[in-house]
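# Structural features, examined
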Amino acid sequence: MIRTLYWEDGKLYLLDQSLLPATVKYILCTTPEEVALAIRNMVVRGAPLIGVAAAYGVVLAAWNYRGPGERLPQYLEDVFRLLQDTRPTAVNLFWALERMERVCRQNTDKPPATLARALLGEAERMFAADLAANRAIGDYGEKLFSRSVRILTICNAGTLATCGYGTALGIVRSCFAKGKLNMVYACETRPVLQGARLTVWELQQDGIPVTLITDGMAGYLMQAGQVDGVVVGADRIAANGDTANKIGTYSLAVLAHYHQVPFYVAAPLTTIDFSLPSGHDIPIENRAADEVHKVMGHYITLPEVQTLNPAFDVTPCQLITAIITDRGVARPPYTRSLVSLPAGGE
Ligand code: MRU
(Lines give C-alpha, C1' and ligand atoms only; values in the text may rest on other atoms or scores of the structure.)
Protein backbone atom coordinates (compact mmCIF):
# COMPACT_ATOMS: atom_id res chain seq x y z
CA MET A 1 0.00 0.00 0.00
CA ILE A 2 1.18 3.55 -0.74
CA ARG A 3 2.42 5.31 2.41
CA THR A 4 1.21 8.91 2.52
CA LEU A 5 3.34 9.69 5.55
CA TYR A 6 5.57 7.88 8.00
CA TRP A 7 7.60 8.58 11.13
CA GLU A 8 11.15 7.28 11.41
CA ASP A 9 13.90 8.11 13.90
CA GLY A 10 12.29 11.32 15.10
CA LYS A 11 11.56 12.59 11.60
CA LEU A 12 8.40 12.86 9.53
CA TYR A 13 8.36 11.87 5.87
CA LEU A 14 5.53 13.11 3.62
CA LEU A 15 4.80 11.81 0.14
CA ASP A 16 4.96 14.96 -2.01
CA GLN A 17 1.59 14.82 -3.77
CA SER A 18 2.30 17.98 -5.75
CA LEU A 19 4.80 15.99 -7.84
CA LEU A 20 2.57 13.00 -8.60
CA PRO A 21 2.22 11.11 -10.85
CA ALA A 22 5.50 12.02 -12.55
CA THR A 23 7.70 11.72 -9.46
CA VAL A 24 7.35 9.65 -6.31
CA LYS A 25 9.33 11.48 -3.64
CA TYR A 26 9.10 11.87 0.13
CA ILE A 27 9.99 15.15 1.77
CA LEU A 28 11.60 15.19 5.17
CA CYS A 29 10.09 17.38 7.91
CA THR A 30 11.82 18.12 11.18
CA THR A 31 9.87 21.22 12.23
CA PRO A 32 6.16 22.13 12.57
CA GLU A 33 6.82 25.05 10.19
CA GLU A 34 7.76 22.59 7.44
CA VAL A 35 4.62 20.56 8.08
CA ALA A 36 2.44 23.70 8.02
CA LEU A 37 3.96 24.71 4.69
CA ALA A 38 3.41 21.23 3.26
CA ILE A 39 -0.28 21.37 4.22
CA ARG A 40 -0.72 24.90 2.84
CA ASN A 41 1.02 24.02 -0.44
CA MET A 42 -0.91 20.77 -0.76
CA VAL A 43 2.15 18.54 -0.59
CA VAL A 44 -0.20 16.65 1.74
CA ARG A 45 -3.91 17.11 1.19
CA GLY A 46 -7.25 15.41 1.79
CA ALA A 47 -9.19 16.03 4.99
CA PRO A 48 -8.16 13.02 7.13
CA LEU A 49 -4.51 13.19 6.07
CA ILE A 50 -4.27 16.92 6.77
CA GLY A 51 -5.44 16.20 10.34
CA VAL A 52 -2.92 13.44 10.97
CA ALA A 53 -0.06 15.36 9.30
CA ALA A 54 -0.79 18.35 11.55
CA ALA A 55 -0.77 16.03 14.57
CA TYR A 56 2.72 14.88 13.62
CA GLY A 57 3.67 18.57 13.24
CA VAL A 58 2.86 18.96 16.95
CA VAL A 59 4.92 15.85 17.74
CA LEU A 60 7.92 17.39 15.95
CA ALA A 61 7.54 20.60 17.96
CA ALA A 62 7.83 18.76 21.28
CA TRP A 63 10.35 16.17 20.03
CA ASN A 64 12.90 18.75 18.94
CA TYR A 65 12.28 21.33 21.67
CA ARG A 66 15.53 22.33 23.36
CA GLY A 67 14.48 25.53 25.16
CA PRO A 68 13.68 26.03 28.85
CA GLY A 69 10.84 23.83 30.11
CA GLU A 70 8.73 26.77 31.29
CA ARG A 71 8.60 28.25 27.78
CA LEU A 72 7.32 25.03 26.19
CA PRO A 73 3.56 25.69 26.71
CA GLN A 74 3.78 29.10 24.96
CA TYR A 75 5.80 27.59 22.11
CA LEU A 76 3.24 24.83 21.65
CA GLU A 77 0.41 27.36 21.65
CA ASP A 78 2.14 29.17 18.76
CA VAL A 79 2.58 25.86 16.95
CA PHE A 80 -1.12 25.03 17.32
CA ARG A 81 -2.04 28.44 15.88
CA LEU A 82 0.38 27.98 12.97
CA LEU A 83 -1.09 24.60 12.07
CA GLN A 84 -4.70 25.73 12.52
CA ASP A 85 -4.12 28.56 10.05
CA THR A 86 -3.06 26.33 7.17
CA ARG A 87 -6.38 25.33 5.59
CA PRO A 88 -9.80 26.34 6.91
CA THR A 89 -12.36 23.92 5.44
CA ALA A 90 -11.47 20.36 6.50
CA VAL A 91 -12.72 19.94 10.06
CA ASN A 92 -10.41 16.94 10.59
CA LEU A 93 -7.53 19.40 10.98
CA PHE A 94 -9.16 21.10 13.97
CA TRP A 95 -10.38 17.79 15.40
CA ALA A 96 -6.87 16.31 15.30
CA LEU A 97 -5.28 19.40 16.82
CA GLU A 98 -7.85 19.39 19.64
CA ARG A 99 -6.86 15.83 20.46
CA MET A 100 -3.20 16.83 20.55
CA GLU A 101 -4.04 19.82 22.78
CA ARG A 102 -5.77 17.46 25.21
CA VAL A 103 -2.59 15.35 25.43
CA CYS A 104 -0.59 18.52 26.12
CA ARG A 105 -2.98 19.48 28.93
CA GLN A 106 -2.73 15.97 30.44
CA ASN A 107 1.08 16.18 30.49
CA THR A 108 1.70 19.77 31.62
CA ASP A 109 3.96 18.76 34.52
CA LYS A 110 5.99 16.24 32.57
CA PRO A 111 9.42 16.81 30.96
CA PRO A 112 9.39 17.67 27.21
CA ALA A 113 10.63 14.19 26.23
CA THR A 114 7.73 12.52 28.06
CA LEU A 115 5.24 14.89 26.45
CA ALA A 116 6.78 14.23 23.03
CA ARG A 117 6.35 10.47 23.46
CA ALA A 118 2.73 10.91 24.59
CA LEU A 119 2.04 13.11 21.54
CA LEU A 120 3.64 10.55 19.23
CA GLY A 121 1.41 7.84 20.70
CA GLU A 122 -1.67 9.95 20.04
CA ALA A 123 -0.66 10.68 16.42
CA GLU A 124 -0.03 6.96 15.85
CA ARG A 125 -3.45 6.08 17.31
CA MET A 126 -5.11 8.59 14.97
CA PHE A 127 -3.25 7.11 12.01
CA ALA A 128 -4.36 3.57 12.85
CA ALA A 129 -7.93 4.65 13.60
CA ASP A 130 -8.22 6.43 10.25
CA LEU A 131 -7.09 3.35 8.36
CA ALA A 132 -9.60 1.19 10.25
CA ALA A 133 -12.36 3.75 9.66
CA ASN A 134 -11.74 3.67 5.93
CA ARG A 135 -11.97 -0.10 5.79
CA ALA A 136 -15.29 0.10 7.65
CA ILE A 137 -16.56 2.75 5.22
CA GLY A 138 -15.55 0.45 2.37
CA ASP A 139 -17.49 -2.45 3.89
CA TYR A 140 -20.64 -0.41 4.49
CA GLY A 141 -20.47 1.27 1.09
CA GLU A 142 -19.83 -1.85 -0.96
CA LYS A 143 -23.11 -3.36 0.26
CA LEU A 144 -25.08 -0.53 -1.35
CA PHE A 145 -24.07 -1.64 -4.83
CA SER A 146 -25.00 -4.71 -6.84
CA ARG A 147 -23.00 -6.26 -9.67
CA SER A 148 -20.92 -4.51 -12.33
CA VAL A 149 -21.16 -1.03 -10.90
CA ARG A 150 -19.88 2.14 -12.61
CA ILE A 151 -18.90 4.77 -10.04
CA LEU A 152 -18.15 8.40 -10.77
CA THR A 153 -15.97 10.36 -8.35
CA ILE A 154 -14.25 13.72 -8.07
CA CYS A 155 -10.96 14.87 -6.57
CA ASN A 156 -9.06 12.24 -4.62
CA ALA A 157 -10.68 10.68 -1.58
CA GLY A 158 -8.39 7.69 -1.63
CA THR A 159 -5.29 6.36 0.07
CA LEU A 160 -3.56 9.59 -0.86
CA ALA A 161 -6.11 11.66 1.07
CA THR A 162 -6.00 9.49 4.18
CA CYS A 163 -3.83 7.14 6.20
CA GLY A 164 -4.71 4.34 3.79
CA TYR A 165 -7.51 2.68 1.75
CA GLY A 166 -9.48 5.91 1.30
CA THR A 167 -13.09 6.90 1.88
CA ALA A 168 -14.82 7.21 -1.51
CA LEU A 169 -12.04 5.10 -3.03
CA GLY A 170 -12.28 2.75 -0.05
CA ILE A 171 -15.77 1.90 -1.29
CA VAL A 172 -14.37 1.52 -4.80
CA ARG A 173 -11.68 -0.84 -3.44
CA SER A 174 -14.22 -2.92 -1.52
CA CYS A 175 -16.48 -3.18 -4.60
CA PHE A 176 -13.45 -4.24 -6.65
CA ALA A 177 -12.44 -6.84 -4.06
CA LYS A 178 -15.95 -8.32 -4.24
CA GLY A 179 -15.81 -8.47 -8.05
CA LYS A 180 -18.58 -5.89 -8.34
CA LEU A 181 -16.73 -3.00 -9.96
CA ASN A 182 -17.05 -2.33 -13.66
CA MET A 183 -15.46 1.11 -13.91
CA VAL A 184 -14.46 4.22 -11.99
CA TYR A 185 -14.97 7.49 -13.82
CA ALA A 186 -12.52 10.00 -12.35
CA CYS A 187 -13.24 13.69 -12.94
CA GLU A 188 -9.94 15.44 -13.60
CA THR A 189 -10.78 18.06 -10.94
CA ARG A 190 -9.51 21.42 -12.04
CA PRO A 191 -7.72 23.48 -10.90
CA VAL A 192 -5.27 21.24 -9.02
CA LEU A 193 -6.14 18.04 -10.94
CA GLN A 194 -6.35 15.66 -7.99
CA GLY A 195 -8.49 13.32 -10.13
CA ALA A 196 -6.14 13.21 -13.11
CA ARG A 197 -2.92 13.17 -11.12
CA LEU A 198 -3.79 11.27 -7.96
CA THR A 199 -6.95 9.16 -8.29
CA VAL A 200 -5.89 7.70 -11.62
CA TRP A 201 -2.41 6.96 -10.28
CA GLU A 202 -3.49 5.25 -7.10
CA LEU A 203 -6.21 3.17 -8.77
CA GLN A 204 -3.81 2.03 -11.45
CA GLN A 205 -1.34 0.93 -8.76
CA ASP A 206 -4.05 -1.51 -7.58
CA GLY A 207 -5.17 -2.58 -11.06
CA ILE A 208 -8.60 -1.00 -10.59
CA PRO A 209 -10.28 0.00 -13.88
CA VAL A 210 -10.44 3.77 -14.22
CA THR A 211 -11.44 6.15 -17.00
CA LEU A 212 -10.38 9.78 -16.78
CA ILE A 213 -12.91 12.41 -17.86
CA THR A 214 -12.74 16.19 -17.86
CA ASP A 215 -15.08 17.82 -15.36
CA GLY A 216 -17.55 18.93 -18.04
CA MET A 217 -18.17 15.35 -19.20
CA ALA A 218 -20.03 14.11 -16.13
CA GLY A 219 -23.47 15.21 -17.38
CA TYR A 220 -22.88 13.54 -20.73
CA LEU A 221 -22.07 10.24 -19.01
CA MET A 222 -25.08 10.40 -16.71
CA GLN A 223 -27.40 11.28 -19.58
CA ALA A 224 -26.05 8.27 -21.45
CA GLY A 225 -26.95 6.03 -18.47
CA GLN A 226 -23.34 5.09 -17.82
CA VAL A 227 -23.13 6.03 -14.13
CA ASP A 228 -24.70 3.85 -11.41
CA GLY A 229 -23.61 5.98 -8.50
CA VAL A 230 -21.61 9.07 -7.62
CA VAL A 231 -19.37 8.59 -4.58
CA VAL A 232 -17.44 11.54 -3.15
CA GLY A 233 -15.45 12.34 -0.03
CA ALA A 234 -16.06 15.23 2.38
CA ASP A 235 -14.08 17.94 4.09
CA ARG A 236 -16.79 18.89 6.54
CA ILE A 237 -20.35 17.69 7.07
CA ALA A 238 -22.75 19.91 9.01
CA ALA A 239 -25.26 18.45 11.49
CA ASN A 240 -28.02 18.55 8.86
CA GLY A 241 -25.91 16.63 6.31
CA ASP A 242 -24.88 19.60 4.13
CA THR A 243 -21.44 18.60 2.85
CA ALA A 244 -18.39 20.60 1.85
CA ASN A 245 -16.16 18.84 -0.63
CA LYS A 246 -13.94 19.69 -3.59
CA ILE A 247 -15.23 22.40 -5.90
CA GLY A 248 -17.44 20.78 -8.54
CA THR A 249 -19.07 18.31 -6.13
CA TYR A 250 -22.26 20.37 -5.91
CA SER A 251 -22.57 20.40 -9.72
CA LEU A 252 -22.27 16.59 -9.74
CA ALA A 253 -24.98 16.32 -7.06
CA VAL A 254 -27.38 18.47 -9.10
CA LEU A 255 -26.68 16.39 -12.21
CA ALA A 256 -27.13 13.14 -10.28
CA HIS A 257 -30.45 14.36 -8.87
CA TYR A 258 -31.70 15.30 -12.35
CA HIS A 259 -30.67 11.92 -13.77
CA GLN A 260 -31.86 9.95 -10.72
CA VAL A 261 -28.39 8.58 -10.03
CA PRO A 262 -27.70 7.90 -6.31
CA PHE A 263 -25.29 10.42 -4.82
CA TYR A 264 -23.25 9.16 -1.86
CA VAL A 265 -20.89 10.97 0.52
CA ALA A 266 -18.23 8.79 2.18
CA ALA A 267 -16.52 10.08 5.32
CA PRO A 268 -15.43 9.04 8.80
CA LEU A 269 -17.43 10.32 11.77
CA THR A 270 -14.55 12.72 12.47
CA THR A 271 -15.56 14.73 9.38
CA ILE A 272 -18.95 15.59 10.88
CA ASP A 273 -19.05 18.98 12.58
CA PHE A 274 -22.04 18.78 14.89
CA SER A 275 -21.40 22.35 16.03
CA LEU A 276 -22.63 23.67 12.67
CA PRO A 277 -26.39 23.32 12.12
CA SER A 278 -26.05 23.72 8.35
CA GLY A 279 -23.48 24.05 5.60
CA HIS A 280 -24.08 27.78 5.47
CA ASP A 281 -21.40 28.34 8.12
CA ILE A 282 -18.71 26.07 6.68
CA PRO A 283 -15.67 28.24 5.89
CA ILE A 284 -14.70 27.87 2.25
CA GLU A 285 -11.03 28.25 1.41
CA ASN A 286 -10.12 30.59 -1.44
CA ARG A 287 -6.81 29.72 -3.02
CA ALA A 288 -4.32 31.58 -5.18
CA ALA A 289 -5.23 32.77 -8.68
CA ASP A 290 -2.15 31.00 -10.03
CA GLU A 291 -3.85 27.63 -9.66
CA VAL A 292 -6.50 28.77 -12.16
CA HIS A 293 -4.13 30.69 -14.42
CA LYS A 294 -1.83 27.70 -14.76
CA VAL A 295 -1.86 23.96 -15.28
CA MET A 296 1.16 22.23 -13.77
CA GLY A 297 3.02 25.52 -13.60
CA HIS A 298 2.29 26.63 -17.17
CA TYR A 299 0.05 29.56 -18.04
CA ILE A 300 -3.02 28.52 -19.98
CA THR A 301 -4.59 31.97 -20.08
CA LEU A 302 -3.71 35.64 -19.85
CA PRO A 303 -1.76 36.13 -16.61
CA GLU A 304 -3.70 39.30 -15.79
CA VAL A 305 -7.21 37.88 -16.18
CA GLN A 306 -9.34 37.96 -13.03
CA THR A 307 -10.10 34.54 -11.55
CA LEU A 308 -12.13 32.85 -8.85
CA ASN A 309 -10.69 29.95 -6.90
CA PRO A 310 -12.92 28.59 -4.14
CA ALA A 311 -11.40 25.22 -3.29
CA PHE A 312 -14.67 23.68 -2.05
CA ASP A 313 -18.42 23.97 -2.44
CA VAL A 314 -21.32 22.85 -0.27
CA THR A 315 -23.79 20.22 -1.45
CA PRO A 316 -27.17 20.64 0.26
CA CYS A 317 -28.35 17.58 2.19
CA GLN A 318 -31.46 17.27 0.00
CA LEU A 319 -29.24 16.11 -2.87
CA ILE A 320 -27.45 13.40 -0.86
CA THR A 321 -28.87 9.87 -1.05
CA ALA A 322 -26.84 8.61 1.92
CA ILE A 323 -23.77 9.44 4.00
CA ILE A 324 -21.56 6.38 4.40
CA THR A 325 -19.52 6.54 7.60
CA ASP A 326 -17.30 4.16 9.55
CA ARG A 327 -20.22 3.71 12.00
CA GLY A 328 -22.89 2.89 9.46
CA VAL A 329 -24.95 4.45 6.69
CA ALA A 330 -26.99 7.57 7.48
CA ARG A 331 -30.10 8.37 5.42
CA PRO A 332 -32.27 11.50 5.38
CA PRO A 333 -33.30 13.22 7.55
CA TYR A 334 -29.67 13.61 8.55
CA THR A 335 -30.38 15.81 11.55
CA ARG A 336 -31.69 12.62 13.15
CA SER A 337 -29.64 9.89 11.48
CA LEU A 338 -26.18 11.42 11.96
CA VAL A 339 -26.54 11.86 15.72
CA SER A 340 -27.88 8.32 15.98
CA LEU A 341 -24.70 6.78 14.57
CA PRO A 342 -22.84 4.93 17.34
CA ALA A 343 -19.89 6.99 18.59
CA GLY A 344 -16.37 5.60 18.41
CA GLY A 345 -14.29 4.32 21.30
CA GLU A 346 -11.89 7.27 21.13
O1 MRU B 1 -7.97 20.38 -1.67
P2 MRU B 1 -7.87 18.94 -1.30
O3 MRU B 1 -7.16 18.11 -2.31
O4 MRU B 1 -7.33 18.75 0.10
O5 MRU B 1 -9.38 18.43 -1.27
C6 MRU B 1 -9.65 17.12 -0.91
C7 MRU B 1 -11.09 16.76 -1.03
O8 MRU B 1 -11.92 17.56 -1.37
C9 MRU B 1 -11.46 15.36 -0.61
O10 MRU B 1 -12.55 14.90 -1.34
C11 MRU B 1 -11.82 15.36 0.88
O12 MRU B 1 -10.81 15.97 1.63
C13 MRU B 1 -12.05 14.01 1.38
S14 MRU B 1 -10.59 13.03 1.44
C15 MRU B 1 -10.96 11.54 2.11
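Residues numbered from 1 in each chain as written. Predicted model: local features only at pLDDT ≥ 70, side-chain atom pairs only at ≥ 80, totals over all residues. Heavy atoms only, no water.

### Section: helix H1 (residues 32-40)
Within the span of H1, buried status applies to Pro32, Val35, Ala36, Ala38 and Ile39. Seen along its axis, H1 keeps its buried residues to an arc of 160°; they face one direction. Among the structural elements, strand E2 (11-15), strand E3 (26-29), helix H2 (47-63) and helix H3 (72-84) are those in contact with the buried residues of H1. Backbone geometry just downstream of H1 places Met42 in the positive-phi region, at approximately 60°. (Buried < 20%, exposed > 50% of the residue type's maximum accessible area, 1.4 Å probe, protein only. Helix = DSSP H or I, 4+ residues; strand = E, 2+ residues; numbered from the N terminus. Arc of directions from axis to C-beta. Contact = heavy atoms within 4.5 Å.)

### Section: the pairing of strand E4 (residues 149-153)
E4 sits mainly inside the fold: 4 of its 5 residues count as buried. Pairing between E4 and strand E5 (residues 181-187): 5 bridges, direction parallel. Across the sheet, residue Val149 finds its bridge partner in E5, namely Leu181. With 2 bridges joining them, E4 and strand E7 (residues 229-232) adopt parallel strand pairing. Across the sheet, residue Leu152 finds its bridge partner in E7, namely Val230. (Pairing = 2+ DSSP bridges.)

### Observations concerning the packing of H1 against H2
H2 packs onto H1 with a crossing angle of 165° between their chain directions and a minimal axis gap of 8 Å. Between H1 and H2, the interaxial angle falls into the category roughly antiparallel. As for the relative orientation of H1 and H2, their crossing is left-handed in sense. Judged by residue contacts, Pro32, Val35 and Ile39 of H1 engage Ile50, Ala53, Ala54, Gly57, Leu60 and Ala61 from H2. Split by residue class, the contact of H1 with H2 holds 8 nonpolar, 1 polar and no charged. (Axes fitted to C-alpha atoms, helices over the stretch in contact; angles between N-to-C directions. Parallel < 35°, antiparallel > 145°, perpendicular 65-115°, else oblique. Left-handed = near helix turned anticlockwise from the far one by under 90°. Nonpolar A, V, L, I, M, F, W, Y, C, P; charged D, E, K, R; others polar.)

### Quick notes on the site of the ligand
Neighbouring residues of the ligand: 18 residues in total, closest Ala47, Arg87, Gln194, Asn245 and Lys246. At 2.8 Å, a side-chain N or O of Gln194 approaches an oxygen atom of the ligand. Within the contact set of the ligand, an oxygen atom lies 2.6 Å away from a side-chain nitrogen or oxygen of Asn245. Protein burial of the ligand: of its 410 Å² of free accessible surface, 99% is covered by the chains. Of the residues assigned to the shell around the ligand, the class counts are 8 nonpolar, 6 polar and 4 charged. (Near = heavy atom within 4 Å. Polar contact = N/O pair within 3.5 Å; in protein donor to acceptor, adjacent residues only side chain to side chain. Areas by Shrake-Rupley, 256 points an atom, 1.4 Å probe, with all protein chains shown as cover.)

### Topic: the packing of aromatic side chains
One pass over the full model with this rule turns up 6 aromatic pairs. Their ring planes at 80° and their centres at 5.5 Å tell us that Phe145 and Tyr264 sit as a pair that is edge-to-face. Of the two residues, Phe145 sits in the loop between helix H5 (112-142) and E4 while Tyr264 sits in strand E10 (residues 263-266), which places them 119 residues apart along the sequence. No difference in accessibility class separates Phe145 from Tyr264, as the two residues are buried. (Phe/Tyr/Trp six-rings, centres within 6.5 Å; stacked < 30°, edge-to-face > 60°.)

### Topic: the domain arrangement of the protein chain
How large an interface is tends to be reported as the accessible area lost when its parts come together. Taken domain by domain, the protein chain comprises domain 1 (5-134) and domain 2 (140-340). Taken together, the contact between domain 1 and domain 2 spans 28 residues of the former and 33 residues of the latter. Taken over both partners, the interface formed by domain 1 and domain 2 buries close to 2500 Å², and the fraction arising from carbon and sulfur atoms is 58%. Interface area lost by domain 1 to domain 2 is led by Arg45, Thr89 and Asn134, which between them contribute 25%. Scanning the region where domain 1 abuts domain 2 turns up 1 salt bridge. Put simply, domain 1 and domain 2 have 16 residue pairs in polar contact (both at pLDDT 80 or more) between them. Breaking the side of domain 1 that touches domain 2 down by element, the ones donating at least two residues are H2, helix H4 (91-106) and H5. Of the residues belonging to the side of domain 1 that touches domain 2, the class tally is 17 nonpolar, 7 polar and 4 charged. (Domains from an automatic or database assignment. Buried area = accessible area lost by both parts, 1.4 Å probe. Salt bridge = Lys/Arg side-chain N within 4 Å of Asp/Glu carboxyl O.)

### Things to note about the sheet that holds E7
Taken in spatial order, the 7 strands of this open sheet run E6-E5-E4-E7-E10-E15-E16, and their pairing is mixed. For this open sheet the edge positions go to strand E6 (210-213) and strand E16 (328-330), each flanked by a neighbour on one side alone. The sheet shows a mean angle of 25° between the axes of neighbouring strands, direction not considered. Helix H6 (residues 168-177) contacts E4, E5, E7, E10 and strand E15 (322-325) of the sheet and is inclined by roughly 165° relative to E4.

### A look at the sheet that holds E3
An order of E1-E2-E3 is seen for the 3 strands of this open sheet, with the pairing classed as antiparallel. Of all strands in the sheet, those with a lone pairing partner are strand E1 (5-8) and E3, marking the two edges. For this sheet, the mean angle separating the axes of adjacent strands, direction not counted, is 25°.

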